[in-house]
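Here is how the chains run, residue by residue.
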Amino acid sequence: MIYTSTRGSDAITASQAILKGLSDDGGLFMPNKIPALSIPLSRLPEFSYQETAYLVMKDYLDDYTEEELKNCIAKAYDEKFDTKEIAPLTEAGDQYFLELFHGPTIAFKDMALSLLPHLLTTAMKKNHVNKEIVILTATSGDTGKAALAGFSDVEGTRILVFYPKGGVSSIQERQMVTTKGANTKVVAVHGNFDDCQTGVKKIFNNDTFKAELDEKGFCFSSANSINVGRLIPQVAYYVYAYGQMVRNGAITAGDRLDFTVPTGNFGNILAAYFAKSMGLPIGRLICASNDNKVLFDFFKTGVYDRNRDFVLTTSPSMDILISSNLERLIYLSAGSDADTNAKLMKQLAETGRYEINDSMRENIRDFYGAYATQDQVLKTIADLYEKYGYVIDPHTAVAAYADRQFKEQERTGNKSVIISTASPYKFGGTVLHAIDPDFRCTDDFEMAKRLEMLSKRSIPKAVSDIRNAPILHKEECDISDMQKSVATFLF
Ligand SMILES: *Cc1c(COP(=O)(O)O)cnc(C)c1O
């Protein structure tokens, strides 16, 4: 398998694409073909999550040996997850939820970030890069902790996370500053998220500093969601979900299944499209947005336009106006034509807008855009709780609402699975506001206890662990001192 950039350059192997992250031309790496699913559908229910992950990924990551890939998978999906199933399916009324929040940080980012560190360190060895990997991440909350959890104590790596002081929730901050692992460091920056991100980019692009790093035996890498090493692992749970739906008798092998995905950067739903392209009988892909509904408008009109107000919502991980992974779909919709894609991305960078032509639109009609307002989110959470006692988080609620809307309007007759991306415990304030509006206490642990009583699901370890955990990271720095902070950590 060869990976090339969506803007035309590069022709490298999977492990090299994982090491590189982003192409030098600014494009994203794409495999030059989508492999066919190598297991008959009727046999899917027999396979464990780990076995499914191997069978799905092996043809994408074909320069890893069977032993290497199986090792990486075994280290990723182990007791860090609070259930053997890794990604269990829950039924509530006529809706099915694939719960991707049973990992160490109780959000779906764990699905890929548990595996990426192992894929990266293996890629280093394979390509004879004799350096220690340094991961630098700027976070607005979720990604930081998931990356820390993934890389903590992974040999041959160090990870430094910058977050905006006062710009993340108290649970998120606590999760990060209590991180164990000798190779981790967390720093609060006196600035906002954009300052953190710009600061990290500056360090990445400082050639003098990079040379110094190289001399001392380090090299930078990135864990962000455009890395092939995050995209490909996500294909696995769609195939696994299909197998589980066959196993519980909801569908028969061969039936079409729709998926509804709460979407931000377009990585999760793109993985579903890959699964469909591999031959998994997926009908429609419902792309669910919150009030930042750039994608809804795009699927409706063919125009992508980020020139609009940014709305802070109760589903913060979907508050995004530029969905980076959409570039891969644009590239595919143009018949893998890098020139067409590059032109559109140039327009996006210069004007914040582009429009695709009719044939490209035709090529992506598997996608259906829908969105939910914040009131609809609260109502959806309350409704599911009142009818079925099932408690979902605000991101998942965006999708649950979109799923209903889609079913009313399109009537495909297919069953559908909603991708559940975070534990309700991670967004306790909003969830309690929906299901128990009289509860006024805002202490994180009191809220967790209340949620436990109402949802009848125990407080996850990720929450109880941090209650009394010692604060291990107390460093704060000014924006101008971020690079110094990296140097002190490494040298
Ligand atoms: C990251 C995230 C999303 C959005 O996923 P994308 O792959 O960026 O589209 C949705 N929900 C939660 C809870 C997330 O953390």
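No experiment lies behind these values; they were computed from the predicted model shown.

Lys109, Gly264, Asn265, Asn268 and Thr421 are the nearest of the 15 residues found near the ligand. Glycine 267 is positioned such that a nitrogen or oxygen atom in its backbone is 3.2 Å from an oxygen atom of the ligand. Threonine 421 places a polar side-chain atom, nitrogen or oxygen, 2.9 Å from a nitrogen atom of the ligand. A per-class count over the shell around the ligand returns 5 nonpolar, 8 polar and 2 charged.

The first and last C-alpha atoms of helix α8 (residues 193-204) sit 17 Å apart over 12 residues, in line with the 16 Å expected at 1.5 Å per residue. For α8, the set of buried residues is Cys196, Gly199, Val200 and Ile203. One side of α8 holds all its buried residues, which, seen down the axis, span an arc of 95°. Of the exposed residues in α8, the ones pointing more than 90 degrees away from its buried face are Asp194, Lys201 and Lys202. On its buried face, α8 sits against β5 (132-138), β6 (157-164), β7 (184-190), α9 (207-215), β8 (218-221) and α21 (482-490).

Turning to the nonpolar core, a few remarks are in order. Core analysis: the biggest nonpolar cluster contains 111 residues, and Tyr3, Tyr49, Leu61, Tyr238, Phe266, Leu280 and Tyr354 have the highest contact counts within it. Sorting elements by how many residues they give to this core places helix α10 (residues 228-247) first, with 13 residues. Setting aside residues no more than four positions away along its own chain, tyrosine 3 makes contact with Asp10, Ala11, Ile12, Thr13, Ala14, Ala17, Phe29, Met30, Pro31, Tyr60, Leu61 and Val228. Grouped together as the second largest cluster of nonpolar side chains are 37 residues, Phe97, Tyr390, Ala397 and Tyr425 included.

A sheet is described by the order of its strands in space; here 5 strands give the open sequence β8-β5-β6-β7-β15, paired in parallel fashion. Edge positions in the open sheet fall to β8 and β15 (476-478), since each of these has one partner strand only. Adjacent strand axes in the sheet meet at a mean angle of 30°, parallel and antiparallel pairs treated alike. Both β7 and β15 contribute to a ladder of 3 bridges, which runs parallel. Looking at β15, one finds that histidine 190 is bridged to aspartate 478. Helix α6 (residues 142-151) contacts β5, β6 and β7 of the sheet and is inclined by roughly 165° relative to β6.

Let us now look at the packing of helix α11 (residues 267-277) against helix α13 (residues 326-333). The N-to-C vectors of α11 and α13 enclose an angle of 35°; their axes lie 9 Å apart at closest approach. Within the contact between the two elements, α11 uses Leu270, Tyr273 and Phe274 and α13 uses Arg328, Leu329 and Leu332. Split into classes, the residues belonging to the contact of α11 with α13 amount to 5 nonpolar, no polar and 1 charged.

The next point concerns helix α2 (residues 49-57). Of all 9 residues making up α2, 7 are buried, and the element is well covered by its neighbours. Taken residue by residue, α2 has Tyr49, Thr52, Ala53, Tyr54, Leu55, Val56 and Met57 as its buried positions. Summarising the contacts, the buried residues of α2 are in contact with α3 (66-76), α4 (109-113) and α10.

Parameters and conventions
- Residues numbered from 1 in each chain as written.
- Predicted model: local features only at pLDDT ≥ 70, side-chain atom pairs only at ≥ 80, totals over all residues.
- Heavy atoms only, no water.
- Near = heavy atom within 4 Å.
- Polar contact = N/O pair within 3.5 Å; in protein donor to acceptor, adjacent residues only side chain to side chain.
- Nonpolar A, V, L, I, M, F, W, Y, C, P; charged D, E, K, R; others polar.
- Helix = DSSP H or I, 4+ residues; strand = E, 2+ residues; numbered from the N terminus.
- Expected span 1.5 Å × (residues − 1).
- Buried < 20%, exposed > 50% of the residue type's maximum accessible area, 1.4 Å probe, protein only.
- Arc of directions from axis to C-beta.
- Contact = heavy atoms within 4.5 Å.
- Core = buried A, V, L, I, M, F, W, Y, C linked by side-chain atoms within 4.5 Å.
- Pairing = 2+ DSSP bridges.
- Axes fitted to C-alpha atoms, helices over the stretch in contact; angles between N-to-C directions.

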